[in-house]
Amino acid sequence: VGSFITLAEFIRGGITCFNDMYFFQNEIAEATATAGLRAVMGETLIDFPTPNAKTPNEGITYSKQFVARWKNHPLISPCIVTHAPYSCSATLLQSASNLSKELEIPLSIHISETKTEIQESQEKYGLSPVEYLDSLQFLNNSVIAAHCVHLSENDISILYNRGVGIAHNPGSNLKLASGIAPLTVLLQKGITVGLGTDGSASNNNLSLFEEMTFASLLQKVVTGSAETKSAKEMVYLATQGGANVLKLGTKIGSLEKGKKADFILISIQKPHAQPMYNVYSHIVYSAVAADVVSTYVNGKCLYDNGEIKTFNENQYYQKAVEMSQKIITFRLK
């Protein structure tokens, strides 16, 4: 139920591809394939018991089975997922890295999201999370690193030299008071960056239009220059940049011959869209997710003129209300 509601928000908001890490990934992948969206996803490996695995070894077995099931799917690209350096042992991190290399698929992880994480890593290892992961030979050009908010100069150099891609989630970082990632520095260094929303629990909505706005405005404040991070750069990060981070840059991310037909149409018949002098500025600073009128993935129309074509979204809203009432009742008890 939660997956289909999320997928409806993605489709209505013009998100054609996403990266997901958590639990019950087979069920989420099934829903995603039904909805017709593209995704890079994997079951989260972590040191403590999860709903799908009592031990890390069971988690690795589940991951292998997940990859075997979905590896050749036209829309679902499996990845190996480790939660974070602080929640995974060195053995688990190295096993996951080796599995990613063996299967030739991406490896996803949260890195340096909070100041507390940095402090604890320094106290435990005498290294930052980035330095610690590098000491384990974990970092390479297959890694998708979520957040990377608090980075030293050495951290940034390591990420660049290892070819790590970063998922920048400014909305979540603001809501959780995690901080402001050094986006301008990362891009100046030449590191691959794409925009993300993080999960709805730490964001509340899943709008890349908002993330483009946040990412741009935050960097203007940080640098003290209104010219920092142009609207065109933000659109790139939300499209081709994201595709590059997900290791799909040769297949999606731009409208050109030889790539998949993943695209959206945005209405400009709105008061906040007129007059329009610069299409990039309009997309980043004026447009909202509700302006999307059509969404296509793989050349297939998933959404048009207010209607999702691949599943009945309304049935899930009522189910979600019923479930939420049960949760509220349980909490009150």
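Residues numbered from 1 in each chain as written. Predicted model: local features only at pLDDT ≥ 70, side-chain atom pairs only at ≥ 80, totals over all residues. Heavy atoms only, no water.

Notes on the overall build of the protein
Part 1 of the reasoning: Along the protein, the regular secondary structure elements total 13 helices and 12 strands.
Part 2 of the reasoning: Rg of the C-alpha trace for the protein: 20 Å, near the compact-globule value of 20 Å for 333 residues, within the 12% margin.
Part 3 of the reasoning: Along the longest, intermediate and shortest principal axes, the C-alpha atoms of the protein span 55 × 50 × 50 Å.
Part 4 of the reasoning: Within the span of the protein, comprising 333 residues, buried residues form 50% of the whole.
Part 5 of the reasoning: Summarising the internal contacts of the protein: among those between residues at least 6 apart in sequence, 67% fall at separations of at least 24.
Part 6 of the reasoning: Here the protein has roughly 16,100 Å² of accessible surface; of this, 53% comes from carbon and sulfur atoms.
Part 7 of the reasoning: Counting 27 positive and 29 negative side-chain charges, the protein places the averaged centre of each group 5 Å from the other. (Helix = DSSP H or I, 4+ residues; strand = E, 2+ residues; numbered from the N terminus. Rg over C-alpha atoms; globule rule 2.2 N^0.38 Å. Buried < 20%, exposed > 50% of the residue type's maximum accessible area, 1.4 Å probe, protein only. Contact = heavy atoms within 4.5 Å. Areas by Shrake-Rupley, 256 points an atom, 1.4 Å probe, with all protein chains shown as cover. Lys, Arg positive; Asp, Glu negative; His and termini not counted. Charge placed at Lys NZ, Arg CZ, Asp CG, Glu CD.)

Quick word on the packing of aromatic side chains
Part 1 of the reasoning: For the structure on display, the rule yields 8 aromatic pairs.
Part 2 of the reasoning: Note on Phe10 and Phe18: the rings are 4.9 Å apart at their centroids and 40° apart in plane angle, and the pair reads as tilted. The same class applies to Phe10 and to Phe18, which are both buried.
Part 3 of the reasoning: Note on Phe263 and Tyr296: the rings are 4.6 Å apart at their centroids and 10° apart in plane angle, and the pair reads as stacked. (Phe/Tyr/Trp six-rings, centres within 6.5 Å; stacked < 30°, edge-to-face > 60°.)

Let's talk about the packing of helix α2 (residues 25–35) against helix α3 (residues 56–70)
Part 1 of the reasoning: With their axes 11 Å apart at the nearest point, α2 and α3 run at an angle of 20° to one another. Taken together, the axis directions place α2 and α3 in an arrangement best described as roughly parallel. The crossing of α2 and α3 is right-handed. Taking contact as the criterion, the partners of Gln25, Asn26, Glu27, Ala29, Glu30 and Ala33 in α2 are, on α3, Tyr62, Phe66, Arg69 and Trp70.
Part 2 of the reasoning: Taken together, the residues that form the contact of α2 with α3 break down as 5 nonpolar, 2 polar and 3 charged. (Axes fitted to C-alpha atoms, helices over the stretch in contact; angles between N-to-C directions. Parallel < 35°, antiparallel > 145°, perpendicular 65-115°, else oblique. Left-handed = near helix turned anticlockwise from the far one by under 90°. Nonpolar A, V, L, I, M, F, W, Y, C, P; charged D, E, K, R; others polar.)

A closer look at the nonpolar core
Part 1 of the reasoning: Core analysis: the largest hydrophobic core is formed by 74 residues, its most contacted members being Leu7, Ile80, Phe138, Leu139, Leu159, Met212 and Phe311.
Part 2 of the reasoning: The contact partners of Phe138, leaving out residues within four places of it in the chain, are Thr82, Leu93, Ser97, Leu107, Ile109, Leu133 and Val143. (Core = buried A, V, L, I, M, F, W, Y, C linked by side-chain atoms within 4.5 Å.)

A closer look at the pattern of salt bridges
Part 1 of the reasoning: Enumeration according to the criterion identifies 8 salt bridges in this entry.
Part 2 of the reasoning: Here Glu233 and Lys229 are joined by a salt bridge, their closest N and O atoms 2.9 Å apart.
Part 3 of the reasoning: On the basis of relative accessible area, Glu233 is assigned to the partly exposed category, the value being 32%.
Part 4 of the reasoning: Lys229 sits in the buried class, given a relative accessible area of 7%.
Part 5 of the reasoning: In this structure, the salt-bridge partner of Lys270 is Asp291, at a minimum N-O distance of 2.9 Å. Of the two residues, Lys270 sits in the loop between β9 (263–266) and α12 (279–286) while Asp291 sits in the loop between α12 and β10 (292–297), which places them 21 residues apart along the sequence.
Part 6 of the reasoning: A relative accessible area of 1% means that Asp291 is categorised as buried. (Salt bridge = Lys/Arg side-chain N within 4 Å of Asp/Glu carboxyl O.)

Focus on a nonpolar patch on the surface
Part 1 of the reasoning: The grouping of Leu174, Ile180, Phe214 and Val222 at the surface amounts to a nonpolar patch, some 310 Å² of accessible area in total.
Part 2 of the reasoning: Inspection of the secondary structure assignment puts Phe214 in helix α10 (residues 208–223).
Part 3 of the reasoning: The class for Phe214 is partly exposed, based on a relative accessible area of 31%. (Patch = residues over 30% accessible without salt bridge, like charges linked within 9 Å, V, L, I, M, F, W, Y side chains within 5 Å.)

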